[in-house]
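Fold and geometry: a report
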Amino acid sequence: MKEQLELIKQNALNALDATETPAALEELRVKLLGKKGELTAVLKMMGKLSPEERPVMGQLANAVRAEIENKLEQRKAAINASVLEAKLAAESIDVTIPGDTVELGHQHPMNQVLQQVKDIFVGLGYTVVDGPEVELASYNFTRLNIEEGHPSRDRSDTFYFNEEDSVLLRTQTSSMQIRFMENNEPPLCMLAPGRVFRKDEADATHSPMFHQIEGLVVDEHITMGDLKGALITIMRAIYGEDAQMRFRPHHFPFTEPSCEMDMQCHKCHGTGEVDGQVCSTCHGEGWIELLGAGMVHPDVLRNCGIDPEKYSGFAFGMGLERMALGRMRINDMRLLFDNDVRFLNQF
Ligand code: PHE
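Please read all numbers here as calculations on a predicted model, not as lab measurements.

Comments concerning the environment of Arg-54
Looking at the secondary structure, you find Arg-54 in helix 4 (residues 53–91). Ignoring sequence-local partners within four residues, the contact set of Arg-54 consists of Met-46, Gly-47 and Leu-49.

Here you go:
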């Protein structure tokens, strides 16, 4: 029986050494120490031993069991450690592998031009302000001297929100002239860029949504000369010292006198023709209309509580898209709104 126990022990220790996984270890534990295990079978035979032999064998059997249990614990710890190690190795992150590069975008060409325009005007002392795109007709039209029934208020041109036509998507940033004048005292120097909306079909130079930059200066002794000076300064800064522009007389209900300013077409350089064809960018005009401007009408000043006997002012509203087309030498406005990255990446 002693030899039998010795053999069981040796076999058990060898088997434990050879075991590699937690599952196999558990299986082996049942086989070695369980009720149907070999050791238990031997212990069951103790009854047949003589009273002298029994305690000796009992001690030996317990020692064998203790040794096996000990070894089992050791193997368990060793196997668990190697399982953990394998798991850590499998899940480890190599922080030295270069990461995926994130491609940085850049400002939209139109915003680049807007930023440039803002910088120049801020340098001239203008305050940049923002205003609502959903506007009241009184700010967009009435207080700008645009009476009820004026063609620009027509439903075919303007997006209205209600039956009374009193709430609309602003058709011009000139609404900001009123908003600024009613809240500030002269001297005033305002720049108000923003979106405007008109029921226009989209073509190379039109879009139902576009951007304007409104400017307003009100002080004592402001003249048309100040207006021309400001506009010439900004155009030269953006298009270069040799930029060609012209002022034409025009009419706006809220300025008197009024004018428009054109830039020489960047595509045909004023000739109106490209390769013997009518220039598609300026429709053969040779010039591109960039802005409307004029001296603030005395009634508009009065509508905002400013005394036209004491103060005078000028205002202008320029089309940002058209400026961007010229600045970036783009020949179709729709490209600015398509947002095709292949196009935008060129700027
Ligand atoms: N608001 C005018 C337009 O949209 C432009 C303008 C602004 C004209 C300021 C005069 C003064 O055409």
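Description of the packing of helix 5 (residues 109–123) against helix 10 (residues 320–328)
Across the interface, helix 5 lies against helix 10 with an axial gap of 9 Å and an inter-helix angle of 100°. Taken together, the axis directions place helix 5 and helix 10 in an arrangement best described as roughly perpendicular. Packed against helix 5, whose contacting residues are Pro-109, Met-110, Gln-112, Val-113, Leu-114, Gln-116 and Val-117, the element helix 10 presents Leu-320, Glu-321, Met-323, Ala-324, Arg-327 and Met-328 at the interface. By residue class, the composition of the contact of helix 5 with helix 10 is nine nonpolar, two polar and two charged.

Comments concerning the sheet that holds strand 6 (residues 245–252)
Ordered in space as 1-4-5-11-10-7-6, the seven strands form an open sheet in which the pairing is mixed. Pairing within the sheet leaves two strands with one partner each, and these edge strands are strand 1 (127–128) and strand 6. The pairing of strand 7 (residues 255–264) with strand 10 (residues 287–296) spans eight bridges and is antiparallel. Along strand 10, the bridge assignment pairs Ser-258 with Gly-294. Strand contacts of helix 5: strand 1, strand 4 (188–197), strand 5 (209–219) and strand 11 (312–319), with the helix running at about 165° to strand 4, the strand carrying the most contacts. On top of the sheet, helix 10 reaches strand 5, strand 10 and strand 11; it is set at about 60° to strand 11, its chief contact.

Observations concerning helix 2 (residues 22–33)
The end-to-end C-alpha separation of helix 2 is 16 Å, in line with the 16 Å expected for twelve residues at 1.5 Å each. By the burial criterion, the buried members of helix 2 are Leu-25, Leu-28, Leu-32 and Leu-33. Seen end-on, helix 2 carries its buried residues on one side only, within an arc spanning 100°. The exposed residues of helix 2 that point more than 90 degrees off its buried face are Ala-23, Glu-27 and Lys-31. Contacts from the buried residues of helix 2 go to helix 1 (2–18), helix 3 (38–44) and helix 4.

A few points about the layout of surface pockets
What the largest pocket holds in volume is close to 850 Å³. Considering the residues around the largest pocket, the lining is formed by 40 residues, among which Thr-171, Arg-198, Phe-210, Gln-212 and Phe-252 are closest to the centre. Only strand 5, strand 6, strand 7, strand 10, strand 11 and helix 10 provide two or more residues apiece to the lining of the largest pocket. The element contributing the most residues to the lining of the largest pocket is strand 10, with six residues. Of the residues that constitute the lining of the largest pocket, the class distribution is 13 nonpolar, 18 polar and nine charged. The space that makes up the second largest pocket amounts to roughly 280 Å³. Around the second largest pocket, the lining is made up of 16 residues, and of these Tyr-239, Met-263, Gln-264, His-266 and Arg-329 lie nearest the centre. Among the elements of the structure, helix 8 (224–239), strand 7, strand 10 and helix 10 are those that each provide at least two residues to the lining of the second largest pocket. The element contributing the most residues to the lining of the second largest pocket is helix 10, with three residues. For the lining of the second largest pocket, the residue count by class is seven nonpolar, five polar and four charged.

Looking at the side chain of Asp-332
Inspection of the secondary structure puts Asp-332 in the loop between helix 10 and helix 11 (334–338). Among the polar contacts listed, one links the side chain of Asp-332 to the side chain of Arg-334, at a separation of 2.8 Å.

Some remarks on the site of the ligand
In the vicinity of the ligand, 14 residues are found, and the nearest of them are Gln-172, Ser-174, Arg-198, Gln-212 and Gly-317. At 2.7 Å, a side-chain N or O of Gln-172 approaches a nitrogen atom of the ligand. Ser-174 is positioned such that a nitrogen or oxygen atom in its side chain is 2.8 Å from a nitrogen atom of the ligand. For the ligand, whose unbound accessible area comes to 330 Å², protein coverage reaches 91%. Applying the majority rule of atoms within 2 Å of the grid points places the ligand in the largest pocket. For the shell around the ligand, the elements supplying multiple residues, two or more each, are strand 5, strand 10 and strand 11. The leading source of residues in the shell around the ligand is strand 11, at three residues. Here the residues of the shell around the ligand sort into five nonpolar, seven polar and two charged.

Concerning the side chain of Lys-71
Mapping Lys-71 onto the fold places it in helix 4. A distance of 2.9 Å separates a polar atom in the side chain of Lys-71 from a polar atom in the side chain of Asp-17. Lys-71 has contacts with Leu-13, Leu-16 and Asp-17, leaving out every residue within four places of it along the chain.

Thresholds, definitions, all that
Residues numbered from 1 in each chain as written. Predicted model: local features only at pLDDT ≥ 70, side-chain atom pairs only at ≥ 80, totals over all residues. Heavy atoms only, no water. Helix = DSSP H or I, 4+ residues; strand = E, 2+ residues; numbered from the N terminus. Contact = heavy atoms within 4.5 Å. Axes fitted to C-alpha atoms, helices over the stretch in contact; angles between N-to-C directions. Parallel < 35°, antiparallel > 145°, perpendicular 65-115°, else oblique. Nonpolar A, V, L, I, M, F, W, Y, C, P; charged D, E, K, R; others polar. Pairing = 2+ DSSP bridges. Expected span 1.5 Å × (residues − 1). Buried < 20%, exposed > 50% of the residue type's maximum accessible area, 1.4 Å probe, protein only. Arc of directions from axis to C-beta. 1 Å grid on protein atoms, 1.4 Å probe; cavity = no way out; pocket = protein on both sides within 12 Å on 5 of 7 lines; lining within 4 Å. Points joined across faces, edges and corners; volume = space filled by probe spheres on them. Polar contact = N/O pair within 3.5 Å; in protein donor to acceptor, adjacent residues only side chain to side chain. Near = heavy atom within 4 Å. Areas by Shrake-Rupley, 256 points an atom, 1.4 Å probe, with all protein chains shown as cover. Sits in = over half its atoms within 2 Å of the grid points.

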